[in-house]
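What the coordinates show
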Amino acid sequence: MERDDDRDTANAERFSVPLGLLVLGFVLMVGFQTVQLIRERSNLFEIQLAQEPTVQEGAKLRLQLDSLAKKTAALADAGNPGAKAVIEEMRRQGITIKTN
């Protein structure tokens, strides 16, 4: 009976160092990945902030283009031949105009 206890203790001691190293490696790997993800998140946030003025300008330009297209469509509906040609060319190119 005493030999079984000694054998169990020897087995436990034999596996404690590799198991400890495995756990330590896993913790270090998770820590490293966490730090990398935090850095990446920070970098992505900075990139998003840097792009914000460009996105705002794009939205502003889009509104201006929509307004221009609506006015051109209104002229075409009123019978203006130049506006009709522009609208027809836009439709041919696959550009849709919202006439709300």
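The model shown is predicted, which means the values in this text are computed figures rather than measured ones. (Residues numbered from 1 in each chain as written. Predicted model: local features only at pLDDT ≥ 70, side-chain atom pairs only at ≥ 80, totals over all residues. Heavy atoms only, no water.)

So, the overall build of the chain
The number of helices and strands found in the chain is two helices and zero strands. For 100 residues, the compact-globule estimate of 2.2 N^0.38 gives 13 Å, and the chain exceeds it by more than 25% at 34 Å. Out of the 100 residues belonging to the chain, those deemed buried represent 7%. Split by element, the accessible area of the chain, about 9000 Å² in all, is 61% carbon and sulfur. (Helix = DSSP H or I, 4+ residues; strand = E, 2+ residues; numbered from the N terminus. Rg over C-alpha atoms; globule rule 2.2 N^0.38 Å. Buried < 20%, exposed > 50% of the residue type's maximum accessible area, 1.4 Å probe, protein only. Areas by Shrake-Rupley, 256 points an atom, 1.4 Å probe, with all protein chains shown as cover.)

Description of the layout of surface pockets
Rolled over the atoms, a probe as big as a water molecule pinpoints where empty space is left. What the largest pocket holds in volume is close to 260 Å³. Considering the residues around the largest pocket, the lining is formed by Arg-62, Leu-65, Asp-66, Leu-68, Ala-69, Lys-70, Thr-72, Met-90, Ile-95, Thr-96, Ile-97 and Lys-98. Here the lining of the largest pocket gets seven residues from one element, more than from any other, and that element is helix α1 (residues 2-77). Class assignment for the residues of the lining of the largest pocket results in six nonpolar, two polar and four charged. (1 Å grid on protein atoms, 1.4 Å probe; cavity = no way out; pocket = protein on both sides within 12 Å on 5 of 7 lines; lining within 4 Å. Points joined across faces, edges and corners; volume = space filled by probe spheres on them. Nonpolar A, V, L, I, M, F, W, Y, C, P; charged D, E, K, R; others polar.)

Points about the environment of Val-55
Structurally, Val-55 can be placed in helix α1. When its relative accessible area of 49% is taken as the criterion, Val-55 is described as partly exposed. For the pair Val-55 and Gly-25, spaced 30 residues apart in sequence, the C-alpha separation works out to 44 Å.

Section: the nonpolar core
Listed in full, the six residues of the largest apolar core are Ala-69, Ala-73, Ala-76, Ala-83, Ile-87 and Met-90. Residue assignment for this core shows that the elements contributing at least two residues are α1 and α2 (81-92). Leaving out residues up to four positions away in the same chain, Ile-87 has contacts with Ala-69, Thr-72, Ala-73, Ala-76 and Ile-97. (Core = buried A, V, L, I, M, F, W, Y, C linked by side-chain atoms within 4.5 Å. Contact = heavy atoms within 4.5 Å.)

Digging into α2
Compared with the 16 Å implied by 1.5 Å per residue over twelve residues, the 16 Å span of α2 between its first and last C-alpha is a close match. N-cap assignment for α2: the residue whose side-chain oxygen lies 2.9 Å from the backbone N of Gly-82 is Asn-80. Following α2 by one or two positions, Gly-94 adopts a phi angle in the positive range, close to 90°. (Expected span 1.5 Å × (residues − 1). Polar contact = N/O pair within 3.5 Å; in protein donor to acceptor, adjacent residues only side chain to side chain.)

Things to note about a nonpolar patch on the surface
Together, Leu-19, Leu-22, Val-23, Phe-26, Val-27, Met-29 and Val-30 give the surface a local cluster of nonpolar side chains, amounting to about 680 Å² of exposed area. By the element assignment, Met-29 lies in helix α1. (Patch = residues over 30% accessible without salt bridge, like charges linked within 9 Å, V, L, I, M, F, W, Y side chains within 5 Å. Salt bridge = Lys/Arg side-chain N within 4 Å of Asp/Glu carboxyl O.)

As for the pattern of salt bridges
Applying the stated criterion to the full structure yields one salt bridge. Salt-bridge contacts for Arg-92 lead to Glu-89; the nearest nitrogen and oxygen are separated by 2.5 Å. Taken together, the positions of Arg-92 and Glu-89, both in helix α2 and three residues apart, correspond to about one turn of that helix. For Glu-89, a relative accessible area of 31% gives the class partly exposed.

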